[in-house]
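# Summary of the model geometry
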Amino acid sequence: MSISRPLAVLATVAAVLSIAPAAAQAAAHSDAVSAGETARAWGPYYAPGNQARTAGSLVASGEDHGDIPTADTVKISGKLYDQTRRTSTCGWAVFRITYKAPGNNLPHKHRSIRDCSYRTPASYSFSSHDVYQVELKVCAEGKGTKPSLNCLYAGTWKTLYLSK
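Note that the coordinates shown come from a computational prediction; the quantities given were computed from them, not determined experimentally. (Residues numbered from 1 in each chain as written. Predicted model: local features only at pLDDT ≥ 70, side-chain atom pairs only at ≥ 80, totals over all residues. Heavy atoms only, no water.)

### Quick word on the state of the cysteines
Tallying each qualifying case throughout the model produces 2 disulfides. The side chain of Cys 90 participates in a disulfide bridge whose partner is Cys 116; the two sulfur atoms lie 1.9 Å from each other. Its S-S torsion of about 100° marks the bond between Cys 90 and Cys 116 as right-handed, since a negative value means left-handed. Taken together, the positions of Cys 90 in strand 4 (residues 89–99) and Cys 116 in the loop between strand 5 (108–115) and strand 6 (122–142) put the pair 26 residues apart, joining distant regions of the chain. With its bonded cysteines labelled in order along the sequence, the chain shows the pairing 1-2, 3-4. (Disulfide = S-S within 2.5 Å. Helix = DSSP H or I, 4+ residues; strand = E, 2+ residues; numbered from the N terminus.)

### As for the layout of surface pockets
Estimated volume of the largest pocket: approximately 250 Å³. Looking at the lining of the largest pocket, the elements with two or more residues in it are strand 1 (38–46), strand 6 and helix 2 (149–153). In terms of residues, the lining of the largest pocket owes the most to one element, strand 6, which gives 6 residues. Looking at the lining of the largest pocket residue by residue, the classes come out as 10 nonpolar, 4 polar and 3 charged. (1 Å grid on protein atoms, 1.4 Å probe; cavity = no way out; pocket = protein on both sides within 12 Å on 5 of 7 lines; lining within 4 Å. Points joined across faces, edges and corners; volume = space filled by probe spheres on them. Nonpolar A, V, L, I, M, F, W, Y, C, P; charged D, E, K, R; others polar.)

### Re unusual backbone geometry
In this chain, Gly 43 is followed by Pro 44 through a cis amide linkage whose omega measures 5°. In this structure, Pro 44 sits in strand 1. The backbone phi angle of Asn 50 is positive, close to 55°, even though this residue is not glycine. Residue placement: Asn 50 occurs in the loop between strand 1 and strand 2 (52–63). Residue Asn 104 is not a glycine yet carries a positive backbone phi of 60°.

### A short note on the environment of Tyr 81
Along the polypeptide, Tyr 81 turns up in strand 3 (residues 71–82). Taking the C-alpha atoms as reference, Tyr 81 lies 6.6 Å from Ala 122; in sequence the two are 41 residues apart. Beyond its immediate sequence surroundings of up to four residues, Tyr 81 is in contact with Gln 51, Ala 52, Arg 53, Asp 115, Arg 119 and Pro 121. (Contact = heavy atoms within 4.5 Å.)

This is the structure:
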């Protein structure tokens, strides 16, 4: 009986020691991921009637957790597909980027990508700074230099990123 107790203690210590390096490595990896960049795939998102679609990825780096949390840099990349056969219709991916301005204001700006070539994707990549939120809307409408007011204001925005 006196021999079985020390053996049980040794078995417990050995089990803890074998788990400890893995736990320490996992904790170090967790810190590296949270302190570094956060990569996230998104999509596909579609225009009404599936006339256009887009999908891509978003990388947020340098998140701070001040009164208004923001990411230092957000990089968005992806592909936009026009899925209509009509030459007069284009697919639009419209991004609404809310950023922190002086005085802790949160204005937004739009970034629009257009593709008018049936089933041939338009690749895009851009970045923005001091980002609080990134939203997306996909539309399909006639050719133009910018998306229509209907595209910008009708329907709902899909949130791709919100700083925490």
